[in-house]
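The lines below spell out each chain.
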Amino acid sequence: MARYIDEILQPGERVLYSTNAHWIFHFPAIVAWIVALGLLVLSRQTTVDGLVILCLIAAGVVALAALFWTVKGWFHRFTTETDVTNLRVVHKTGFIKRRTFEMALDKVESVDVNQSILGRILNYGDVTINGVGEGRETIRTIASPLAFRSSITTR
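Residues numbered from 1 in each chain as written. Predicted model: local features only at pLDDT ≥ 70, side-chain atom pairs only at ≥ 80, totals over all residues. Heavy atoms only, no water.

### Topic: the packing of aromatic side chains
1) Next: Evaluated as defined, the whole model comprises four aromatic pairs.
2) Next: Ring centres of Trp-74 and Phe-75 lie 6.3 Å apart, and the angle between their planes is 50°; on these two criteria the pair is classed as tilted.
3) Next: Ring centres 5.0 Å apart and planes at 10° place the aromatic pair Trp-74 and Phe-78 in the stacked group. With Trp-74 and Phe-78 both in helix H3 (residues 49-78) and four residues apart, the pair spans about one turn of that helix.
4) Next: Trp-74 gets classed as partly exposed once you look at its relative accessible area, which sits at 48%. (Phe/Tyr/Trp six-rings, centres within 6.5 Å; stacked < 30°, edge-to-face > 60°. Helix = DSSP H or I, 4+ residues; strand = E, 2+ residues; numbered from the N terminus. Buried < 20%, exposed > 50% of the residue type's maximum accessible area, 1.4 Å probe, protein only.)

In structure tokens, the structure reads:
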């Protein structure tokens, strides 16, 4: 499957920078997989039959939730693209229901980055692009937001 940006490039336009949603979207799945594994280990270490079955059932339920969050996080990352070309900024989300945002670089007034403490440590954050007469758009939880901002503001 071709990337969205490759389908919409104009003649003479080239991609300068690409980023994606940060892996932090997988955090709920990672925690759930760890909990499921812990419950499975606990079921093997206990000798009470009722507790063994309870731990196995709980591990199965948590593993199903972890599988759901894993697929959901992967699908979000797979269907989200954020690119800067020499002419514009392009952000696309969705697969069947697609939402796109495009703004010409000469219409960008400012680019704001918002990072939490964890976002600074793990290098993710929200980027708000303010346009001249075109409003504002916030791109949430992208990887390397400072590099993304620099690719927009340096010409």
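Right, picking up where we left off after that structure.
### Side note on the sheet that holds strand S3 (residues 88-93)
Hydrogen bonds between backbone atoms are what pair the strands of a sheet, whose relative direction is either parallel or antiparallel.
1) Next: Read across the sheet, four strands follow the order S1-S2-S3-S4 without closing on themselves; strand pairing throughout is antiparallel. Every interior strand has two partners, whereas the edge strands, strand S1 (15-19) and strand S4 (99-104), have only one. In this sheet, adjacent strand axes meet at a mean angle of 15° when their direction is disregarded. (Pairing = 2+ DSSP bridges. Axes fitted to C-alpha atoms, helices over the stretch in contact; angles between N-to-C directions.)

### Things to note about the environment of Arg-140
1) Next: Counting through the fold element by element, Arg-140 comes out in strand S7 (residues 135-143).
2) Next: Of the residues examined, Arg-140 reaches a relative accessible area of 55% and is grouped as exposed.
3) Next: For the pair Arg-140 and Asp-126, spaced 14 residues apart in sequence, the C-alpha separation works out to 4.4 Å.
4) Next: The contact partners of Arg-140, leaving out residues within four places of it in the chain, are Gly-125 and Asp-126.
5) Next: A polar atom in the side chain of Arg-140 sits 3.2 Å from the side chain of Asp-126. (Contact = heavy atoms within 4.5 Å. Polar contact = N/O pair within 3.5 Å; in protein donor to acceptor, adjacent residues only side chain to side chain.)

### A short note on the sheet that holds strand S5 (residues 108-114)
1) Next: Spatially, the three strands line up as an open sheet ordered S5-S6-S7, and their pairing is antiparallel. Strands with a single pairing partner mark the edges of an open sheet, and in this sheet they are S5 and S7. Taking the axes of each pair of neighbouring strands and ignoring which way they run, one obtains an average angle of 20° across the sheet.
2) Next: In the packing of helix H5 (residues 145-153) onto the sheet, the strands contacted are S5, strand S6 (124-131) and S7, and the crossing angle to S5 comes to about 170°.

### A short note on the side chain of Thr-128
1) Next: Structurally, Thr-128 is set in strand S6.
2) Next: Within polar-contact distance, the side chain of Thr-128 engages the side chain of Thr-138 at 3.1 Å.
3) Next: Aside from chain neighbours lying at most four places away, what touches Thr-128 is Ser-110, Val-111, Asp-112, Arg-136, Glu-137 and Thr-138.

### Observations regarding the pattern of salt bridges
1) Next: The full count for this structure, using the stated rule, is six salt bridges.
2) Next: The partner of Glu-81 in a salt bridge is Arg-3, with the nearest N and O atoms 3.7 Å apart. Taken as a pair, Glu-81 in strand S2 (residues 81-85) and Arg-3 in the segment before helix H1 (4-8) lie far apart in primary sequence, 78 residues in all.
3) Next: Here Glu-81 falls in the buried class, since its relative accessible area comes to 11%.
4) Next: Put simply, Asp-126 and Arg-140 hold a salt bridge, and the shortest N to O gap is 3.2 Å. Pair noted here: Asp-126 is in strand S6 and Arg-140 is in strand S7, with a separation of 14 residues, a long-range link.
5) Next: By relative accessible area, Asp-126 is classed as buried at 18%. (Salt bridge = Lys/Arg side-chain N within 4 Å of Asp/Glu carboxyl O.)

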